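Inside the fold
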Amino acid sequence: MSHIPTYVYFLFAGLVWLGVKRLHARTIRVERLALMPVIFGALGLHGFFGIFPQASSFDLILAVIGGAAGIALGWLHAARWSVKIDVATRQLTTPGDPMLLVLILLIFAFEFALHYGAAAGTSWFASPLTPPLAAAIWAGLFGLSAGRNLNLATRFARANQRSKLANTGA
């Protein structure tokens, strides 16, 4: 690689700042739970098809397996949290957690390694196993975020349902 574009440093700094902010408890609207999985999913798809434009069925199968594993791990990670839910304001208060910071660092390291491997023509990048493993890793990283937020959204939906039942006297 001849150089890294300057904007990458600013993007990295901004994302690390966002990850550091998530180390502290925060209150968010339930609708924001979709934001990070959508961003990670879009970046993963763009990254994968940017480097490997011809996805095979095997690549897609491993992506599904990686995504499912990531969702399960993300769900289990969030399941241990004590979350405060305010149905009236549609807000959740979550504890501080390093998961987003770790995901950001992993994604940047992974993307950098793949782009370096492609640009340098490394032997590991030329391996036929690189595309399916990359698909599984990208999907797994997406799944970690999606699983965590699905767990939180499910908790909110249950609390909302209990609140509606309590208000109707059922």
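Details of the structure are given in the entry above.
In short, a report on the structure. From a predicted model like this one, the values you see are computed outputs, not experimental measurements. (Residues numbered from 1 in each chain as written. Predicted model: local features only at pLDDT ≥ 70, side-chain atom pairs only at ≥ 80, totals over all residues. Heavy atoms only, no water.)

Moving on: unusual backbone geometry. Not every positive phi belongs to a glycine, and R90 is a case in point at roughly 60 degrees. Within the element layout of this structure, R90 appears in the loop between β2 (84–86) and β3 (91–94). Since its relative accessible area comes to 31%, R90 is described here as partly exposed. (Helix = DSSP H or I, 4+ residues; strand = E, 2+ residues; numbered from the N terminus. Buried < 20%, exposed > 50% of the residue type's maximum accessible area, 1.4 Å probe, protein only.)

This part covers the environment of L23. Mapped onto the elements, L23 comes out in the loop between α1 (6–21) and β1 (26–29). For L23, a relative accessible area of 38% puts it in the partly exposed group. Spatially, the C-alpha atoms of L23 and L150 are 20 Å apart, while their sequence positions differ by 127 residues. Residues within four places of L23 in sequence aside, it is in contact with G96, D97, P98 and L101. (Contact = heavy atoms within 4.5 Å.)

Looking now at the pairing of β1. In β1, alternate side chains face the same way, and those of R26 and I28 are buried while those of T27 and R29 on the opposite face are not. In this structure, β1 lies alongside β3, joined through four bridges in antiparallel fashion. Bridge assignment links T27 to a residue of β3, and that residue is T93. (Pairing = 2+ DSSP bridges.)

One pass over the structure, following the stated rule, counts seven aromatic pairs. Between the aromatic rings of F12 and F108, the centroid separation amounts to 4.9 Å while the plane-to-plane angle is 65 degrees, which identifies the pairing as edge-to-face. Residue F12 is located in helix α1, and its partner F108 is located in helix α4 (residues 99–120); the two are separated by 96 residues in the primary sequence. By relative accessible area, which is 21% here, F108 ends up partly exposed. With a centroid separation of 5.4 Å and an interplanar angle of 20 degrees, the aromatic rings of F52 and F125 are classed as stacked. In this pair, F52 is assigned in the loop between α2 (35–51) and α3 (57–79) and F125 in helix α5 (residues 123–126), connecting sequence segments 73 residues apart. The same class applies to F52 as to F125, namely buried. (Phe/Tyr/Trp six-rings, centres within 6.5 Å; stacked < 30°, edge-to-face > 60°.)

Scope: geometric values only; no functional claims are made or implied.
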